[in-house]
Amino acid sequence: MGCGCGSQRQELVALGSSSEIRNISAEINWRDVLGGWRVRWGIGRMRYRVDPGLYRIGQADENSPVLVTANYKLTVDAVRRELSGMSVWLLILDTKGVNVWCAAGKGIFGTLEVVNRIRATNLHQVVKHRRLVLPQLGATGVAAHEVKRATGFTVYYGPVRAQDIPEYLAAGMKATPEMRRVTFGWRDRLVLTPNEIVQAPKPLLIGLVILVLLEVIAHRRLGSEVVTDFLPFVVAVLTGGVLVPLLLPLLPFRPFAMKGAVAGAVVFGGLFLVLPMGALEAVGTGLLVLAITSYMAMMFTGATTFTTLSGVRVEVRYALPAILTAAGIGAVLRGAAVFI
Amino acid sequence: MRYLRNGASLVLDAALCNGCGRCQEVCPHAVFAIEERKAAIIARENCMECGACRMNCIVGAIQVSSGVGCAAALVSSMRRGDTANPSCDCG
């Protein structure tokens, strides 16, 4: 992977009408890497898009395969980096900058968009064959038989992961059972953690302001103990946002809120041993820490690959009132502890 | 990894099935197998109700109520007072 200063680099910008064919490089440069890092941290995440349309990779001709993907740039990058040295067409749908899986769930990576994009790009004239390779995770939004009926193109569902595309194509568009399975390993979970943490600074700051105000009112001064007083809440956020996703399969119980509560209890136990705390303060802080870790763990359900809507309904119905109650009682006790 | 109520709403009408194998192809959790030229549910507990099988079943033999398994979407839909169809507008 070079620095991308050479002639290979292609900017992914609008160059005219959507029926125009554009070239796109399979090389990932430092801008792509930096851009990917930024959106993982939630910076401009909803604006990281590629212009929809038909793109040529390598020396693609009328016999080359056509791969379909979403126009989230992180998705396009994941696909094209696997296509180095190959000659293929990339048909990029307009999914409003959303990845394949989520866009298919919303129906915007859908039958209608596939059909319309085929027509808008004159794909019938560009290639002689009538085969399309769609990512398997797009199947939630696309009815293969309806694409066939409307356009004559036969849909082949390719592998779940972009990294398996070369092997899939080399095998004559045949996927192994492994290529068809969604996995959710620790690396997959780790890359999602920054997006969990970036939600936290605002509520944390509000908590800090309240804590400082209470301590100033109670003691007419602000001592350094505010640091150790606040530390448990920062630790709670890191536990809920990073530790729980990382340790997900190891934590007991199926409801995420309970996984979060277990992690929170263990972490708070450690804090209790090293930080000086009165009984009231310990109970108040402990309840707040558990509420934070449970809530953040529950919010991670949407980032996973195995939760169901009916399951989430059950979990939220029971866990949310419990979390809010714990947070309320915890806040009152922790606040009262400042004055004792 | 498994969650709560996985695959609870998945229904396969074997009488309608033509054995084309699309459901097995699109399922990301290997819930289906083709046995004696008919689809069969072999791992219901792995199903996350994504709806890919129903969407791609040409004979309409599969029913499943799909939606986003996302507590954040559900909580924000509760705030709006409409929990029928939580949507993941976070992207």
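Up top you'll find the structure we're talking about.
Residues numbered from 1 in each chain as written. Chains lettered and ligands numbered in written order. Predicted model: local features only at pLDDT ≥ 70, side-chain atom pairs only at ≥ 80, totals over all residues. Heavy atoms only, no water.

Run through the overall build of chain A, naming residues and quoting values.
Helix and strand counts for chain A stand at 15 helices and six strands. When its C-alpha atoms are laid out on the principal axes, chain A stretches across 80 × 45 × 30 Å. By residue count, 49% of the 340 residues in chain A fall in the buried class. For chain A, contacts bridging at least 24 residues in sequence account for 68% of all contacts bridging at least 6. Put simply, chain A shows about 15,900 Å² of open surface, and 62% of that area lies on carbon and sulfur atoms. Looking at chain A, you have 35 positive and 22 negative side-chain charges, and the mean spots of the two groups are 5 Å apart. (Helix = DSSP H or I, 4+ residues; strand = E, 2+ residues; numbered from the N terminus. Buried < 20%, exposed > 50% of the residue type's maximum accessible area, 1.4 Å probe, protein only. Contact = heavy atoms within 4.5 Å. Areas by Shrake-Rupley, 256 points an atom, 1.4 Å probe, with all protein chains shown as cover. Lys, Arg positive; Asp, Glu negative; His and termini not counted. Charge placed at Lys NZ, Arg CZ, Asp CG, Glu CD.)

Explain the overall build of chain B to me, and be specific about the residues and the numbers.
Looking only at helices and strands, one finds three helices and four strands in chain B. Reading chain B from its N terminus to its C terminus gives the helix and strand order β-α-β-β-α-β-α. Counting the 91 residues in chain B, one finds 46% classified as buried. Summarising the internal contacts of chain B: among those between residues at least 6 apart in sequence, 45% fall at separations of at least 24. Accessible surface, chain B: about 4,500 Å² in total, of which carbon and sulfur atoms supply 49%. Charged side chains of chain B number 9 positive and 8 negative; the gap between the two group centres comes to 3 Å.

Please set out the packing of aromatic side chains residue by residue, giving values where relevant.
Evaluated as defined, the whole model comprises seven aromatic pairs over all chains. A ring pair is formed by A:F230 and A:F233, whose centres lie 6.2 Å apart and whose planes are at 50°; its orientation type is tilted. Placement of both A:F230 and A:F233 in helix 12 (residues 225-247) is noted, with a separation of three residues, approximately one turn of the helix. Ring pairing ties together the aromatic residues A:F256, A:F306 and B:Y3, which thus form one cluster. (Phe/Tyr/Trp six-rings, centres within 6.5 Å; stacked < 30°, edge-to-face > 60°.)

Which residues make up the packing of helix 15 (residues 309-338) of chain A against helix 3 (residues 71-80) of chain B, and what values go with them?
For the pair helix 15 of chain A and helix 3 of chain B, the least separation of the axes is 10 Å and the interaxial angle reads 65°. The element helix 15 of chain A and its partner helix 3 of chain B pack so that their crossing is right-handed. Residues A:V312, A:R313, A:V316 and A:L320 of helix 15 of chain A lie in contact with helix 3 of chain B, whose contacting residues are B:A71, B:L74, B:V75 and B:M78. Looking at the contact of helix 15 of chain A with helix 3 of chain B residue by residue, the class counts come to seven nonpolar, no polar and one charged. (Axes fitted to C-alpha atoms, helices over the stretch in contact; angles between N-to-C directions. Left-handed = near helix turned anticlockwise from the far one by under 90°. Nonpolar A, V, L, I, M, F, W, Y, C, P; charged D, E, K, R; others polar.)

Summarise the side chain of A:S294; cite the residues concerned and give the values.
All names here are of chain A. Relative to the assigned elements, S294 resides in helix 14 (residues 279-299). Residue classification places S294 among the buried residues on the basis of a relative accessible area of 6%. Setting aside anything within four residues of it in sequence, one finds S294 in contact with A257, G260, A261 and I323.

Give me the lowdown on the nonpolar core, citing residues and values where you can.
What tends to happen in soluble globular proteins is that the nonpolar side chains get buried as a cluster. Ranked by size, the top nonpolar core spans 34 residues in total, and within it A:F109, A:L123, A:L132 and A:L134 carry the most contacts. For this core, the elements supplying multiple residues, two or more each, are strand 3 (66-69), strand 4 (88-92), helix 3 (100-106), helix 4 (111-120), helix 5 (123-126), strand 5 (131-134), helix 6 (144-151) and strand 6 (154-157) of chain A. Take this core: its biggest share by element is three residues, from helix 3 of chain A. Excluding anything up to four places from it in sequence, A:L132 contacts A:V66, A:V68, A:V114, A:I118, A:L123, A:V147, A:F153, A:T154, A:V155 and A:Y156. Core analysis: the next-biggest nonpolar cluster, separate from the first, contains 24 residues, A:A263, A:M299, A:I323 and B:L74 among them. (Core = buried A, V, L, I, M, F, W, Y, C linked by side-chain atoms within 4.5 Å.)

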